[in-house]
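Descriptive analysis of the structure
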Amino acid sequence: MISSYRARETLPTFVLVAWCPPRGPWQPAANAVAYKQVQRRVLTAARWEPSMAELLDGPVLGAVDDAQGTDLRSRRGALLLLQCDGQAAATEAKRAVRLLRGRATSVESTADQAEADRPLTARRLALPALERLGRVLIEDIAVPRSHLGTVVREITAIAKRHDVRIFTLAHAADGNLHPILVLDPDTPGIPDAAWQATGEIFAAALRPGGTLTGEHGVGTLMRRWLVDELGPEQHALQHRIKAAFDPHLILNPGKAL
């Protein structure tokens, strides 16, 4: 899908939607290949930097469909949403269509703004749709872009292995993934299976040189894995720096540092 309209009444904006294979039931391995091809060959190798690149996996599309009465999930396995803006937006959009065709199952285009708004709305409504299903635990890993597909596939395997519902959104242009665990709201605390799945997600992010957090920082739920990223020496150094400024441990008590 490609739509042109005016951003703030001044600059043209183009929105593109690529539907990734396969059609029908969600198949993580095949979709991971599609993500990897799009990331490596389009966003990375082509040195193209869209103003927005969002990825919604099949389960997320299904949740949006259930909440909004849409039919996104029946179209393809996953959705890659791209946006170009600025004076060169038209040229970039045409180039993006050429690059994506043959790598995604389909790349749709339209000049209708209302039609272009549909996938943008689906992205905005993704989290509210998941919150309808239960209590959400949002993770925030980031990985090198060329490893995005592999990590998506690992997350899907982790969900199956631990019988935990995990839905994945991604800011695909910078490799920032949000695997969202949806828990039973009637279950107190965080179940052991969810802790185990979370630990494996973080391990999957760190293996290719990624990080525990791409946007939100390390809070109380993530602090047990901080040493895995920093290493014991750097972790100890952080504590020594904290002790130098706060020898009586009165600042930020009970936190990671």
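Bear in mind that the values here come from a model prediction, so they are computed numbers and not experimental data.

Moving on, we come to the overall build of the protein. Within the protein one finds nine helices and eight strands. Residue burial in the protein is summarised as follows: out of 257 residues, 46% are buried. Put simply, 71% of the contacts in the protein that link residues at least 6 apart link residues at least 24 apart. Here the protein has roughly 12,800 Å² of accessible surface; of this, 52% comes from carbon and sulfur atoms.

Where burial is concerned, most of strand S3 (residues 52-56) is hidden: four out of the five residues are buried. Strand direction decides the pairing type here: S3 and strand S7 (residues 165-171), joined by three bridges, are antiparallel. Note on S7: the bridge partner recorded for Glu-54 is His-171.

Right, let's talk about unusual backbone geometry for a bit. One non-glycine residue with positive phi stands out, namely Leu-249, at about 55°. Looking at where Leu-249 falls in the secondary structure, it is placed in the segment after helix H9 (232-245). Of note, Asn-252 is a non-glycine position whose phi angle comes to about 55°, a positive value. By the element assignment, Asn-252 lies in the segment after H9.

Turning to helix H2 (residues 58-68), a few remarks are in order. Among the residues making up H2, those that are buried are Gly-58, Val-60, Leu-61, Gly-62, Ala-63, Val-64 and Asp-65. Regarding H2, its N-cap is Asp-57, as a side-chain oxygen of that residue lies 2.9 Å from the backbone nitrogen of Val-60 further along. Just downstream of H2 lies Gly-69, where phi reads positive at about 75°.

What follows concerns the nonpolar core. If you look at the biggest cluster of nonpolar residues, it comprises 34 residues, and the most contacted ones within it are Leu-80, Ile-141, Ile-166, Leu-177, Leu-181 and Ile-201. Those elements giving two or more residues to this core turn out to be S3, strand S4 (78-85), helix H3 (89-100), helix H6 (148-162), S7, strand S8 (176-183) and helix H7 (192-206). Among the elements that line this core, the one with the most residues is H6, at six residues.

Enumeration over the complete set of coordinates arrives at two aromatic pairs. Ring centres 5.9 Å apart and planes at 35° place the aromatic pair Trp-195 and Trp-225 in the tilted group. With Trp-195 in helix H7 and Trp-225 in the loop between H7 and helix H8 (226-230), this pair connects stretches of sequence that are 30 residues apart. Accessibility expressed as a relative area gives 10% for Trp-225, which makes it buried. Grouped by ring-pair contacts, the aromatic residues Trp-195, Phe-202 and Trp-225 constitute a single cluster. Arg-224 extends its terminal NZ or CZ atom over the ring of Trp-195, reaching a point 3.8 Å from the ring centre. The lysine or arginine in question, Arg-224, covers the ring of Trp-225, its NZ or CZ lying 5.3 Å from the ring centre.

This part takes up the confidence of the model for the protein. Overall, the predicted model of the protein reaches an average pLDDT of 81, with 80% of residues at or above 70. Counted against residues more than four places away or in other chains, residues 1-12, with its pLDDT under 50, gives 43 contacts. Segment residues 22-37: pLDDT under 50, and 42 contacts once partners within four positions in sequence are set aside and those in other chains are kept.

What follows concerns the packing of H6 against H7. Packed helix pairs are characterised by how far apart their axes lie and by the angle those axes make with each other. Running from N to C, H6 and H7 cross one another at 160°; their axes reach a closest spacing of 10 Å. Here H6 is positioned roughly antiparallel relative to H7, judged by the angle of their axes. The hand of the H6/H7 crossing is right-handed. Residues Val-151, Glu-154, Ile-155, Ile-158, Arg-161 and His-162 of H6 form the contact with H7, whose participating residues are Ala-193, Gln-196, Ala-197, Glu-200, Ile-201 and Ala-204. In terms of residue class, the contact of H6 with H7 is built from seven nonpolar, two polar and three charged.

We now examine a nonpolar patch on the surface. Taken together, the side chains of Leu-237, Ile-241 and Phe-245 define a hydrophobic patch exposed on the protein surface, amounting to about 320 Å² of accessible area. Along the chain, Phe-245 falls in helix H9. Classification of Phe-245 by relative accessible area gives exposed; the value is 71%.

What counts and how
- Residues numbered from 1 in each chain as written.
- Predicted model: local features only at pLDDT ≥ 70, side-chain atom pairs only at ≥ 80, totals over all residues.
- Heavy atoms only, no water.
- Helix = DSSP H or I, 4+ residues; strand = E, 2+ residues; numbered from the N terminus.
- Buried < 20%, exposed > 50% of the residue type's maximum accessible area, 1.4 Å probe, protein only.
- Contact = heavy atoms within 4.5 Å.
- Areas by Shrake-Rupley, 256 points an atom, 1.4 Å probe, with all protein chains shown as cover.
- Pairing = 2+ DSSP bridges.
- Polar contact = N/O pair within 3.5 Å; in protein donor to acceptor, adjacent residues only side chain to side chain.
- Core = buried A, V, L, I, M, F, W, Y, C linked by side-chain atoms within 4.5 Å.
- Phe/Tyr/Trp six-rings, centres within 6.5 Å; stacked < 30°, edge-to-face > 60°.
- Lys NZ or Arg CZ within 6 Å of the ring centre and 35° of its normal.
- pLDDT = per-residue confidence, 0-100.
- Axes fitted to C-alpha atoms, helices over the stretch in contact; angles between N-to-C directions.
- Parallel < 35°, antiparallel > 145°, perpendicular 65-115°, else oblique.
- Left-handed = near helix turned anticlockwise from the far one by under 90°.
- Nonpolar A, V, L, I, M, F, W, Y, C, P; charged D, E, K, R; others polar.
- Patch = residues over 30% accessible without salt bridge, like charges linked within 9 Å, V, L, I, M, F, W, Y side chains within 5 Å.
- Salt bridge = Lys/Arg side-chain N within 4 Å of Asp/Glu carboxyl O.

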